Every structure is written in structure tokens, then in C-alpha cells.
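Secondary and tertiary structure notes
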Amino acid sequence: ERIRLVRFDDYHGGWEGPHFDEVVFRIVPENAVRRQLLEQGEADATTFTLTPEDVEALKSHPDLQVLIYPSTRVNWIILNAAKLPKEARQGFSYAFPYDDVINGAYRGLLKRSGPIPTTVKGYDPNVFLYTTDLDRAKELILSAGFNEGATFTYQLPSEDEVEKLVAQLFQANVQKMGFVLNLVEVDTATHNDIIFGDAPPEDKPEFLGAWAWWPDYNDPWNQLYPNFTKDATGGGGSNAGGWVNDRFEEIMAEAANVTDENRLIELMKEAQNILTEQDPPAIYYGEVQYYTILRNDIKGFYANPLYLEAYPYYRMYR
């Protein structure tokens, strides 16, 4: 229900100056309750736990400050390469409603990017980005061997209200093309188990939605390796669609130990083009803009783009 941290008197940094003596984390599963606690003054802070509509509404609350800042997180939909040939994966990438998702579902808290965000070393500013083109999408899907009226399955976590809207917007576009996209909701734990599990891709849905990643440190290899390499299939990694590209494997093998930054950038430019235009294993719909909501009297917070949703507790005070 809650986690309570209390001041350790012998902390090496000392306790002179303004500090909290106690920090309490409350576990609040319901979005509406989280917002209510902030509005009523019963909670002091939250990060990336509300809907974009809530964030927009709370900007005008006189007792709250809404801080919005870049992150290193990219959101995408995993495409099952075992069930979707390359042309179909390209086609569905053209079918995705990018503008509607950015402006509608995320209310601007998202900006277009490929698999590497703009905030991480190696990002290609000229990376290929799909646009929504249903005619081109349908042409590619049919050329991949699917017939009009074909049915596909899209799995997503049931607790994520924003990603439900994303899935529904995508479903509507797929329907306009004459195909069927069934949405299947499972709890987050089950969703993660299916993605990280060792079941073969043939046993998984065509689409695994609401996926995201950010690196452990500012390095593009660390962003891509756990998601798109052969090593990331079969349990432990999130290459749940079993996607394998031989040239991409060569690039990643060299990038793992490269010491020349210019060479790293060159390798990552090619890697990003493979992951987008040439042979997409995912639909990348954007780089997330994070937010933290604090009461006006809370000071000392700063955002860390690699340790997302963390707070610098020691430096914070009222």
C-alpha cells in the first residue's frame, strides 16, 4: 500500500539546509484517484501516471506546477515478423494514425521519432519516418499475401487508458482498408510475460502494443540491443516478433565495442534505416515528453532523462 523512507542521521551528505525527514510513496492504481489526491492536497507529486487530459487540466490548478521535459523513451508497437512479412510490416507502418495519436491520444506529449530518440547519442535527424497513407498501406499488405477481410490480433495492457485509445485509432484505420483488427486486453503482467517469454513468435499475436524503451545510459547500442537483435528473442529480451536482419546483426556486433564516435554515428544511421524504411520490426509512434506534477511549495526537483520517474529526494524540500 505504501513505502516509507525516513532520514538516516549518519548519511555522509549531512542534513544542514532544507531536506525532508520523511518521504511516503502511496500505491494508487486508479487514475481518477491519483488526480483527486493531487487536487485536494493529499499528494505532493506524481510523474507520468495520469492521462494527457488530466495533465492539461491540472496546468490551470493554482496550487500545482506542471513540469514537461524531454525523455529518452520511445513508444512503439511490436510487429510479429513470424506472421507478418516485410511488406505487411511496411504496410501497417503506413496505416498507423500518427497525427491522431500525437494530437489526440497524447495531447502533444509525444513527438515523432524512429527507434532512437533525439536525446540519445547516434540519433539520425534524417531518419525515415512513415506517414499515414492508407492506399499505400493496403497495397503493401495485399502484396504480402493477405486477402481483403483478413483478421489480425492486437494485444495491449488493459490498465493503460491512453494506449487503448491508440489501439482504437489504429483499429479504425485498419478497418477503412478492409481488414479486421481484433483488440485483446490482458493485464500488464501477462502482457509483459508474453513479450519477454520464451514462447515462439508463431504463438503470439501479430501486434503487441503499448511497448516502450529507454536506455540505461546515453548510448544507442543500449537502446537497440535488448529489442531488435537475435539475442533478444526466445525469452529475456523484447524481440517478441522474432525479427532477424543479418546486416543489422553485423552493425550491432561492431557497435558493441566501437570506440570512434563518428563510426558509431555512421553505424547507427544505417541501423535506423533498416529498422524503419527497409525492414521494420515495429511501428514507432513517438518520443515521449515526460511530466512531473508538484505542489507549488515543493522545491529542488530536477528531471533525469535516463532515470525516468525518479526523484532527487535528498535535494527536494518544502
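You'll find the structure just up there.
Presented here is a report on the structure given in the accompanying data block.

Definitions and limits used
Residue positions are counted from 1 within each chain, in the order its sequence is given. Residue-level local features of this predicted model are given only where pLDDT is at least 70; pairs of side-chain atoms are given and counted only at 80 or more, and the full residue set underlies all totals for whole chains, interfaces and linings. The side-chain figures draw on all heavy atoms in the structure; neither hydrogens nor water molecules are used. Runs of E in the DSSP output that reach at least two residues are strands. Runs of H or I that reach at least four are helices, and both are numbered from the N terminus. Take the residue count of a helix, subtract one, and multiply by 1.5 Å to get its expected span. We call two residues in contact whenever any of their non-hydrogen atoms come within 4.5 Å of each other. Nitrogen and oxygen atoms within 3.5 Å of one another constitute a polar contact, given that in protein one can donate a hydrogen and the other can accept it, and given that sequence-neighbouring residues count only through two side-chain atoms. Categorising residues by exposure relies on relative accessible area from a 1.4 Å probe, with only protein chains included: less than 20% of the type maximum marks a residue as buried, more than 50% marks it as exposed, and the intermediate range marks it as partly exposed. To be clear, the arc concerns the directions from the helix axis to the C-beta atoms. When two rings of Phe, Tyr or Trp (its six-membered ring) have centres within 6.5 Å they constitute a pair, described as stacked for plane angles under 30 degrees, edge-to-face for angles over 60, and tilted for the intermediate range. Axis angles are defined between N-to-C directions and span 0 to 180 degrees, where every axis is a line fitted to C-alpha atoms and, for a helix, only to the segment in contact. The cut-offs work like this: below 35 degrees is roughly parallel, past 145 is roughly antiparallel, 65 to 115 is roughly perpendicular, and the gaps in between are oblique. Two helices crossing with the near one rotated counterclockwise from the far one by less than a right angle form a left-handed crossing, whereas a clockwise rotation gives a right-handed crossing. Throughout, the ten residues Ala, Val, Leu, Ile, Met, Phe, Trp, Tyr, Cys and Pro are labelled nonpolar, Asp, Glu, Lys and Arg are labelled charged, and all others, Gly among them, are labelled polar. Cavity means a closed set of points on a 1 Å grid over the protein atoms alone, one where a 1.4 Å probe fits but cannot get out, pocket means an open set with protein on both sides within 12 Å along at least 5 of 7 lines, and lining means a residue has an atom within 4 Å of a point. Grid points are joined across faces, edges and corners, and a volume is the space filled by probe spheres set on the points.

Before going further, it helps to spend a moment on helix α10 (residues 261-278). Owing to its 3.6 residues per turn, the α-helix aligns residues three or four sequence positions apart on the same side. Between the first and last C-alpha of α10 there are 24 Å, a value that for 18 residues agrees with the 26 Å anticipated at 1.5 Å per step. Looking at the buried residues of α10, the elements they touch are α8 (220-228), α9 (246-255) and β9 (282-295). Taking the backbone nitrogen of Asn 262 as reference, a side-chain oxygen 2.9 Å away marks Asp 260 as the first, capping residue of α10.

Those residues of α9 that sit buried are Phe 248, Ile 251, Met 252 and Ala 255. Viewed end-on, α9 has its buried residues packed into an arc of 95°, placing them on one side of the element. For α9, the exposed residues set more than 90 degrees away from the buried face come down to Asp 246 and Ala 253. Buried residues along α9 sit against α8 and α10. The N-cap residue of α9 is Asn 245: its side-chain oxygen and the backbone nitrogen of Arg 247 are 3.1 Å apart.

Next up on the list: the packing of aromatic side chains. Enumeration according to the criterion identifies 31 aromatic pairs in this entry. When the centroid spacing of 6.0 Å and the interplanar angle of 75° are considered together, the rings of Trp 76 and Tyr 284 count as edge-to-face. With a gap of 208 residues between them, Trp 76 in strand β4 (residues 64-79) and Tyr 284 in strand β9 connect regions that are remote in the sequence. Tyr 284 carries the same exposure label as Trp 76, and that label is buried. When the ring of Tyr 94 is compared with that of Tyr 130, the centres are 4.8 Å apart and the planes differ by 85°; the resulting orientation is edge-to-face. Here Tyr 94, found in helix α3 (residues 86-95), pairs with Tyr 130, found in the loop between β5 (110-111) and α5 (134-143); they are 36 residues apart in sequence, far enough to count as distant. For Tyr 130, a relative accessible area of 6% gives the class buried. Through a chain of ring-to-ring contacts, three or more aromatic side chains come together here, namely Phe 92, Phe 96, Tyr 98, Tyr 106, Phe 146, Phe 152, Tyr 154, Phe 170, Phe 179, Phe 207 and Tyr 285.

So, on to the packing of α8 against α9. Two numbers describe a pair of packed helices, the interaxial angle and the distance between the axes. Between α8 and α9, the least distance of the axes is 11 Å, while the angle of their chain directions is 135°. In terms of axis orientation, α8 runs oblique to α9. Helix-helix and strand crossings are classified by hand; for α8 and α9 the assignment is left-handed. Facing α8, whose interface residues are Trp 221, Leu 224, Tyr 225 and Phe 228, α9 presents Phe 248, Glu 249, Met 252 and Ala 255. Looking at the contact of α8 with α9 residue by residue, the class counts come to seven nonpolar, no polar and one charged.

Right, let's get into the layout of surface pockets. Space inside the largest pocket adds up to approximately 1,800 Å³. Breaking the lining of the largest pocket down by element, the ones donating at least two residues are β2 (22-26), α1 (31-39), β3 (45-47), β4, α6 (161-176), α7 (188-196) and β8 (207-213). When residues of the lining of the largest pocket are assigned to their parent elements, the largest contribution, five residues, is made by β2. Its residues placed into classes, the lining of the largest pocket shows 28 nonpolar, nine polar and twelve charged. As for the second largest pocket, its lining consists of 13 residues, and the residues nearest its centre are Trp 15, Phe 20, Val 23, Tyr 313 and Tyr 314. For the lining of the second largest pocket, the secondary structure elements donating two or more residues are β1 (2-6) and β2. Of the residues contributing to the lining of the second largest pocket, the split by class is nine nonpolar, one polar and three charged.

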